[in-house]
Every structure is written in C-alpha cells, then in structure tokens.
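Next come the chains, spelled out residue by residue.
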Amino acid sequence: MSVDVAPRLAVVGHPNKGKSSLVATLAEDDSVAIGATPGTTRHAREYPMRADGRLLYTLVDTPGFQRARQVLAWLVRRAEERSATAADRPALVAELVADRECAARFPDEVELLRPLVEGAGILYVVDGGVPYGPEYEAEMEVLRWTGRPSMAIVNPIGSNEHVEAWKAGLGQFFRVVRVVDALHADFETRRRLLLAFAELEADWREPIEAAVAALDALRASRRRRASHEIAALLADALGLVVERRLEPDEDPSRHAAELEVEYKRELVRLERAHRRRVQAVYDYHDLEARAAELEVIEEDLFSEGTWLRFGLRRRDLVSAGAAGGAAAGGAIDVALGGASLLAGVAIGAAVGGVLGWLGAGRLAELRVIDRPLGGRLARYGPSRNPNFGFVLFGRARYHCGLLARRTHAMRDAIDLDAERAARQPLDSKERNELARLFATLRRPGLPAAARAEGVASLAGSAAAILEADEGRPIERA
Ligand SMILES: Nc1nc2c(ncn2[C@@H]2O[C@H](COP(=O)(O)OP(=O)(O)O)[C@@H](O)[C@H]2O)c(=O)[nH]1
Ligand SMILES: [Mg+2]
C-alpha cells in the first residue's frame, strides 16, 4: 500500500456485539445505526475521518457474520480443488466476494469481506460478557484467510466475566487483542486504541498519528467553543431585562407577576438555545430530539434542587460577593430577602429555609424607570442575585461535562436532573474570578466593548475549568 493511501479499517464480527457502537464511538458520529435487534446494519458503510481537508483514515461498519461455517467450507473446497497453498488464500477470498452465487448465498459475508479484499484492516469485535465458543472460530478462520492486518477487540457488554477466556481464544487468531467498552470508552481509551491501529501496518503510522493529533485538537477546540457559548449565555442571562410601558397613573405592581413569568420564560429559552448550540459543538445532532421530552419536566432552573446543587454555599457566596463587588467597583448591594448578605445576618429563617439564603426566591426586582422623553417603564431585571450566575454556570458546566464524557454510541437521553448530579466544586480563586466577571456582565448599560471583553475573559475562565474537569470523573449522586 502506498504512503498516500489512508488506512481503512473494517469493523467485523458476529451480529449484536457492538460493531456499530465502536464505529459511532470512534467516529464521534451519532448517526451510526445501532440496534438492539441483530441485522440493524445491512450494508457496509464508510465513515471517513478528515482533518484540514485531508483524509486520515476510514472506518467501515459492516453487517455481522451469518453463515461463517458455510463460507469457510466454500473456501476450503476451492482450496482443495486448486491444491492451493496458504499464500493463495487471500485470492480465494477475493474470488468468493466476486462470485455471483456467493453474493446470493452469503450476502452478509460478501458485504463484510469486500472491504478486506479491497485492502482494509480488520477490527474483529466480540462480546466479553458471553462465553467464548467454537462457533466463532469459523469467523476468525475466514478472517485469517484474507491475510489482512488485524486486531481483536473484546467489548464487555454487561460484564467482564468471560474476557480472559476470550483473550486466550482470540490470541491464537489475532496478534493484537484489546479490551475496549464500545459504548463507554473514554477519550484516553479511544486515543490509545487509535494509536494501536498504527501498529498494524507500517504505512499507517503517519496518518494514524495525524489522526490522533486531530483528535486532541478537536477536543481542545470543542472546549474553547463550548466555553465561549457558556460565557455568552451568562452575559445574556445576567443582563436580561423585561419591560412594560406604564400608563401615566398606573400601579407598576400590577405587572410584577407577569413580568417575572416573562423574565423566567426568557431565561429558560436562553438556556435551551445554549444547550442546543453546545450539543452541536460536541457533534451531538440527534440528542436534542431525544432530550426534548425530558426538558419539559426538567425545567428546574428555578427549583430548590438546582439551587442547592449548583449554587454557592453561603460562606463561599459572601467571600466571592466581596471579591466580585469590590473588583467591579460598585457597592455590594446584593439584597436577599431584604437583608444584606455581607451584614452576615441570619436571613435564612427570615425568608424561609434554604432557598431564602440561596436567593432562589428572588432572581431580580421590579423597578420603575423614568424614560428620558417622558413616560415610565416597569422593568424586571437585570438579576442582582449573587448566586444566579453561579447556578447558571454550574448547570452549563455540568451539561458540558456530560457531553464530553458521552460517546456517540449512546442512544439514551442526556440526564440533566440536578437531583442526580454530584457537586463540582470551585476553588476560591475561581469563585472570585467568576463573581467579578458576573458582576461586570450584569451592569446595566454595559458598553459593547466592555461586554465583549467580559465575555472573552469569562470564556477563558470557563475553558480552564472545563479542561480541569476532563481529568476528573463526574460522580453521579
Ligand atoms: N451495555 C453495553 N451495551 C452495548 C455495548 N456495545 C453495544 N451495546 C448494545 O448492544 C446492541 C447492539 O449494538 P450494535 O453496536 O448495534 O452491534 P452490532 O450489531 O455488532 O453493530 C445495542 O443495543 C447496543 O447499545 C457495550 O459496550 N455495553
Ligand atoms: Mg451494526
């Protein structure tokens, strides 16, 4: 194979062993057909991996073996008729793929062997959750006859119970055997697996190493783009105001309830739109539809569970508020339930439990604004609630963390339920920096240039936090 030809790797094996899942995970493509019923993949389908316009390697998803024994019998018979040697075997497999009668008798095998005859490497996938059995040996033998470079992958579906037996069996047919969970493989596992492909054929090293570099670059670029989306969301949400024009003698308090509803609805809309954009950043295009149903009941931005999970604890909030307020140069007037936080008054009891001191009860305040050219406005927002930015930020951070940990083989809805989310702490430096930026971004009438600068700084802080998150597990409560 010449150097400028990118490697092709055909993922083959028995039906329902996670072949398509492995392809979706490695290709980071959630459009790969994955099914609980065998036969979901009928035809070989190619997934080319490109970076900067260059094709680096191609994964080929194939239908599973159906008649491996008959195929092997056909090959053996041909070999005997021709007194063929082992050196002739690849040519016999090519004959089988080209044979019309075989195409009718063994359509799945012809489909999965074709890419191998055309030069693809073999990724043979088995399930380490079920016992090793001799019925797989016909498949492995047929694959051996192709003479293609190969690797076996034990995918432990459900359990690890039979992994060792599989390794012992596979080791006799394949030079390289790896254990990889096709559905859950994390970034490092995917990266190592990709590097192992480079070992299969000398010419593959350079394109595979380029593919690994592209994978690293993709992760960094997703993190940067997601961080920018988070910063933009915070700027929009913290600066949000809803207004209504007042009649000359109208009582503004009549509008309070409606304005609050409108304000909250707009926040929910901003957050949803943000999540869709972030999902697109991580190349999840199909996730939204599946999560839509969930989102209706999940609209818990204002719930106690959310504020408890994502808001800062009181002591942290006080110190961060001091840092944020001082740096923003403004007076610290973060009134919660009528009492100043900084005064350290035990306001929790006064406004009713935990939500009171978290400030969830009151996002913003109604104010009456005199318009320069006469008339008055009832205005709700921007939020002066010191915890609100942290709640929104924490939710967005958690969402990104789930996406970054997901694989494109997963077909379940994303679980954003705050009740099941574990805490992701911020250190005091991060808290203070965020509080300072939140205070800047909620300033009314913030000039566009200052806003852009605030968004850029916040994106930088968010990116550092997301990067650190990549190195630690999200524990689910
Ligand atoms: N729990 C678990 N399920 C898996 C794993 N790999 C595949 N599956 C499931 O097994 C079924 C068949 O997977 P698929 O990738 O379509 O297998 P294929 O027929 O070999 O392409 C799907 O329901 C997958 O979600 C795995 O590693 N863990
Ligand atoms: Mg499949």
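**As for the overall build of the chain**
Within the chain, the secondary structure is distributed over 18 helices and eleven strands. Taken over 477 residues, the chain has a buried fraction of 40%. When contacts within the chain are restricted to residue pairs at least 6 apart in sequence, long-range pairs at least 24 apart make up 72% of them.

**A word on the site of ligand 1**
Close to ligand 1 lie 20 residues; Gly18, Lys19, Ser20, Ser21 and Leu183 are nearest. Among the elements that take part in the shell around ligand 1, helix α1 (residues 19-27) stands out by supplying three residues, more than any other. A per-class count over the shell around ligand 1 returns seven nonpolar, ten polar and three charged.

**What to know about α1**
Counting buried positions along α1 yields nine of nine residues, so the element is predominantly enclosed. Turning to α1, its buried residues number three or more, namely Lys19, Ser20, Ser21, Leu22, Val23, Ala24, Thr25, Leu26 and Ala27. Buried residues along α1 sit in contact with β1 (8-13), β2 (45-51), β3 (54-61), β4 (121-127), β5 (150-155) and α8 (187-197). The first or second residue beyond α1 is Glu28, which carries a positive phi of 50°.

**Side note on the pairing of strand β6 (residues 176-179)**
Pairing of β5 with β6, which is carried by four bridges, proceeds in the parallel orientation. Paired with Met151 across the two strands is Val176, which belongs to β6. As a crossover connection, the stretch from β5 through helix α7 (residues 163-170) into β6 is right-handed.

**Overview of the sheet that holds β6**
With respect to topology, six strands assemble into an open sheet ordered β2-β3-β1-β4-β5-β6, the strand pairing being mixed. Edge positions in the sheet fall to β2 and β6, since each has one partner strand and no second. When the angles between neighbouring strand axes are averaged without regard to direction, this sheet yields 20°. For β2 and β3, the ladder comprises seven bridges, and the chain directions are antiparallel. Paired with Tyr47 across the two strands is Leu59, which belongs to β3. Packing against the sheet, helix α5 (residues 107-117) makes contact with β1, β3 and β4, and its axis sits at approximately 150° to β1.

**Quick look at the packing of helix α3 (residues 89-98) against α5**
Two elements in contact, α3 and α5, have axes separated by 9 Å at closest approach and are oriented at 135°. One finds that α3 runs oblique with respect to α5. In the packing of α3 onto α5, the handedness of the crossing is left-handed. For the pair formed by α3 and α5, the contact residues are Val93, Ala94, Leu96 and Val97 on the first element and Val110, Leu113, Arg114 and Val117 on the second.

**Considering the sheet that holds strand β10 (residues 366-370)**
Here we have three strands laid out as an open sheet, ordered β7-β11-β10, and antiparallel in their pairing. Of all the strands in the sheet, the pair left with one neighbour each is β7 (242-246) and β10. When strand polarity is set aside, the average angle formed by the axes of neighbouring strands in this sheet is 25°. Bridge analysis of β7 against strand β11 (residues 376-380) gives five bridges, and the strand direction is antiparallel. The residue of β11 that forms the bridge with Arg245 is Leu377. Each of β7, β10 and β11 is contacted by helix α10 (residues 256-281), which is oriented at about 150° to β7, the strand it contacts most.

**Examining α3**
Considered for burial, the residues of α3 that qualify are Leu92, Val93, Leu96 and Val97. Taken down its axis, α3 places every buried residue within 145° of arc, on the same side. Contacts made by the buried residues of α3 are with α2 (68-82), α4 (100-105), α5 and α6 (135-146).

**Thoughts on the environment of Leu183**
Relative to the elements of secondary structure, Leu183 occurs in the loop between β6 and α8. The class for Leu183 is partly exposed, based on 18 C-beta atoms found within 10 Å. Put simply, Leu183 and Gly18 are 165 residues apart on the chain and 7.7 Å apart in space, counted from C-alpha to C-alpha. What Leu183 contacts, discounting residues up to four positions off in sequence, is Gly18, Ser21, Thr407, Ala409 and Met410.

**Overview of the pairing of β3**
Within a regular strand, the side chains alternate between the two sheet faces. Bridge count between β1 and β3: four bridges; the pairing is parallel. Looking at β3, one finds that Val11 is bridged to Asp61. In sequence, β2 turns back onto β3 through a hairpin of two residues, with Asp52 there showing a positive phi of about 50°.

**So, unusual backbone geometry**
Note that the residue after Gly381, namely Pro382, is joined by a cis bond; omega there is 0°. For Pro382, the location among the structural elements is in the loop between β11 and α16 (388-405). In this model, Asn16 sits at a positive phi of 65°, which is unusual for a non-glycine residue. The residue Ser83 is not glycine, and still its phi comes out positive at about 50°. Summarising the element assignment, Ser83 is placed in the loop between α2 and α3. Take Ser83: there are 7 C-beta atoms within 10 Å of it, and that puts it in the exposed class.

**Remarks on the nonpolar core**
Counting residues in hydrophobic clusters, the biggest one holds 60 residues, and the most contacted among them are Leu9, Ala10, Val11, Leu123, Tyr124, Ala152 and Ile153. The contact partners of Ala10, leaving out residues within four places of it in the chain, are Val60, Thr62, Leu112, Pro115, Leu116, Ala120, Ile122 and Leu123. Judged by nonpolar contacts, the second largest core, of 50 residues, contains Leu234, Leu238, Phe310 and Ile465.

**Quick look at the environment of Phe106**
With respect to the secondary-structure elements, Phe106 resides in the loop between α4 and α5. Separated by 38 residues in sequence, Phe106 and Ala68 have C-alpha atoms that sit 8.7 Å apart. Beyond its immediate chain neighbours, meaning those up to four positions away, Phe106 contacts Arg67, Gln70 and Val71.

What counts and how
- Residues numbered from 1 in each chain as written.
- Chains lettered and ligands numbered in written order.
- Predicted model: local features only at pLDDT ≥ 70, side-chain atom pairs only at ≥ 80, totals over all residues.
- Helix = DSSP H or I, 4+ residues; strand = E, 2+ residues; numbered from the N terminus.
- Buried ≥ 20, exposed ≤ 12 C-beta atoms within 10 Å, placed from the backbone.
- Contact = placed C-beta atoms within 7 Å.
- Near = placed C-beta within 6 Å.
- Nonpolar A, V, L, I, M, F, W, Y, C, P; charged D, E, K, R; others polar.
- Pairing = 2+ DSSP bridges.
- Right-handed = clockwise from strand over helix to strand, strands pointing away.
- Axes fitted to C-alpha atoms, helices over the stretch in contact; angles between N-to-C directions.
- Parallel < 35°, antiparallel > 145°, perpendicular 65-115°, else oblique.
- Left-handed = near helix turned anticlockwise from the far one by under 90°.
- Arc of directions from axis to C-beta.
- Core = buried A, V, L, I, M, F, W, Y, C linked by C-beta atoms within 7 Å.

Take it as geometry only, folks, not as evidence of what the structure does.
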